[in-house]
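So the chains spell out like this:
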Amino acid sequence: MEKESYAECCESREVHTELLKIVDELMPDEEKLMDLAELFKIFGDTTRVRILFVLFESEVCVCDLAETLSMTQSAISHQLAILKRNKLVKSRREGKSVFYSLADDHVRTIISQGMEHVNE
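Read on for an overview of the structure. All values derive from a computational prediction rather than experimental measurement. (Residues numbered from 1 in each chain as written. Predicted model: local features only at pLDDT ≥ 70, side-chain atom pairs only at ≥ 80, totals over all residues. Heavy atoms only, no water.)

## Some words on the pairing of strand β2 (residues 89-94)
For clarity, the cut-off: At least two DSSP bridges between two strands are needed for those strands to be called paired. For the purposes of this entry, the term helix denotes a DSSP run of H or I that reaches at least four residues, the term strand denotes a run of E that reaches at least two, and both are numbered from the N terminus.
As paired elements, β2 and strand β3 (residues 97-102) share six bridges and run antiparallel to each other. Paired with Arg 93 across the bridge in β3 is Val 98. Joining the antiparallel neighbours β2 and β3 is a turn of two residues, in which Gly 95 adopts a positive phi near 65 degrees.

If you want it as structure tokens, here you go:
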């Protein structure tokens, strides 16, 4: 059985109060940090990441997403509702079709930088 590993620690306990003062002044309030954690939870689902990656490349309708990802429209719709509720995607109706796209450039940046990090 493998031993649990830990990050390296300081050899002696020394608190750098000036650094901590700066950090404390810049630290967002707990509600903002919880919102950020919730945002990252959305990216913790492979299906949602796959949907976002498709939308990174092109605006598509639910039918296109279902076909591309080999999933039912119902399953895609469920995940899109989560993404929309969290302001990561937006939709527009065109006739009988509903097209989805990334909500804004922030989402595009998150996906792009995430892929850069994974590819390093």
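## Considering the packing of helix α3 (residues 46-57) against helix α4 (residues 62-69)
Packed helix pairs are specified by the crossing angle of their axes together with the interaxial distance, meaning the distance between the axes. The line we're drawing: To get an axis, a line is fitted to the C-alpha atoms, and for a helix only the part in contact is used. The angle between two axes follows their N-to-C directions and goes from 0 to 180 degrees. Note on convention: the crossing is left-handed when the near helix lies turned anticlockwise from the far helix by less than a right angle, right-handed when the turn is clockwise. Any pair of residues with heavy atoms lying within 4.5 Å of one another is described as a contacting pair.
Running from N to C, α3 and α4 point in directions that differ by 115 degrees, and their axes come no closer than 11 Å. Relative to α4, α3 is oriented so that their crossing is right-handed. The residues of α4 that touch α3, namely those facing Arg 50, Ile 51 and Val 54, are Leu 65, Thr 68 and Leu 69.

## A closer look at a negative patch on the surface
Which entries qualify depends on this criterion: Exposure above 30% relative accessible area and the lack of any salt bridge qualify a residue for a patch; like charges then connect within 9 Å, and the nonpolar side chains Val, Leu, Ile, Met, Phe, Trp and Tyr within 5 Å. Every accessible area reported is derived by Shrake-Rupley at a probe size of 1.4 Å, with residue values counting cover from the shown protein chains alone. Salt-bridge detection follows one rule: a side-chain nitrogen of Lys or Arg within 4 Å of a carboxyl oxygen of Asp or Glu. Charged residues are defined here as Lys and Arg on the positive side and Asp and Glu on the negative side; His and the ends of the chain fall outside this count. The atoms used to mark charge sites are NZ of Lys, CZ of Arg, CG of Asp and CD of Glu. The classification of residues rests on relative accessible area computed with a 1.4 Å probe and restricted to protein chains. Under 20% of the type maximum is buried, over 50% is exposed, and intermediate values are partly exposed.
On the surface, a cluster of negative charge is made up of Asp 29, Glu 30, Glu 31 and Asp 35. Relative accessible area serves as the criterion here: at 59%, Glu 31 is assigned to the exposed category.

## Comments concerning the packing of aromatic side chains
Selection criterion: Stacked, tilted and edge-to-face are the three classes applied to pairs of Phe, Tyr and Trp rings, where Trp contributes its six-membered ring and a pair requires centres within 6.5 Å; stacked means planes under 30 degrees apart, edge-to-face means over 60, and tilted covers the rest. Any Lys NZ or Arg CZ that is within 6 Å of a ring centre and within 35 degrees of that ring's normal is treated as a charge sitting over the ring.
Counting across every chain of the model gives one aromatic pair. Taking the centre distance of 6.3 Å and the plane angle of 15 degrees together, the rings of Phe 53 and Phe 56 count as stacked. In this pair, Phe 53 and Phe 56 both sit in helix α3, three residues apart, roughly one turn of the helix. Above the face of the Phe 56 ring, Arg 108 is positioned so that its terminal group lies 4.6 Å from the ring centre.

## Observations regarding α3
Definition in use: In this scheme, a helix's expected span is set at 1.5 Å multiplied by one less than its residue total. Residues adjacent in sequence count toward polar contacts only when both atoms are side-chain atoms; beyond that, a polar contact is any pair of N or O atoms within 3.5 Å, and within protein one must be able to donate a hydrogen and the other to accept it.
With twelve residues, α3 extends 17 Å from end C-alpha to end C-alpha; this agrees with the ideal 16 Å at 1.5 Å per step. Turning to α3, its buried residues are Thr 47, Arg 48, Ile 51, Leu 52, Val 54, Leu 55 and Phe 56. For α3, the N-terminal capping position is held by Asp 45, with its side-chain oxygen 3.0 Å away from the main-chain nitrogen of Thr 47.

## Details of the pattern of salt bridges
When the charged atoms of two side chains with opposite charge come close together, those side chains can pair. In total, this model carries three salt bridges according to the counting rule given. Note that Lys 41 and Glu 38 form a salt bridge whose closest N and O atoms lie 3.1 Å from each other. Residue Lys 41 and its partner Glu 38 are both found in helix α2 (residues 30-42); the two are separated by three residues, about one turn of the helix. Classification of Lys 41 by relative accessible area gives exposed; the value is 52%.

## Some thoughts on the nonpolar core
Soluble globular proteins tend to pack their nonpolar side chains together in the buried interior. We count it as follows: Note on terminology: a nonpolar core comprises buried Ala, Val, Leu, Ile, Met, Phe, Trp, Tyr and Cys residues joined through side-chain atoms within 4.5 Å.
Of all hydrophobic cores here, the largest spans 22 residues; its most connected members are Ile 51, Leu 52, Leu 65, Ile 76, Leu 80 and Leu 83. Broken down by secondary-structure element, the contributors of at least two residues to this core are α3, α4, α5 (73-85), β3 and α6 (105-119). A per-element tally of this core places α3 first, with five residues. What Leu 52 contacts, discounting residues up to four positions off in sequence, is Phe 43, Leu 83, Leu 88, Val 89, Leu 102, Val 107 and Ile 111.

## A closer look at the environment of Ser 58
With respect to the helices and strands, Ser 58 occurs in the loop between α3 and β1 (60-61). Considering only alpha carbons, one finds Ser 58 and Ser 101, 43 residues apart in sequence, at a separation of 7.1 Å.

## A closer look at the environment of Glu 25
Relative to the helices and strands, Glu 25 resides in helix α1 (residues 17-26). Expressed as a C-alpha distance, the spacing of Glu 25 and Phe 99, which sit 74 residues apart in the sequence, is 43 Å.

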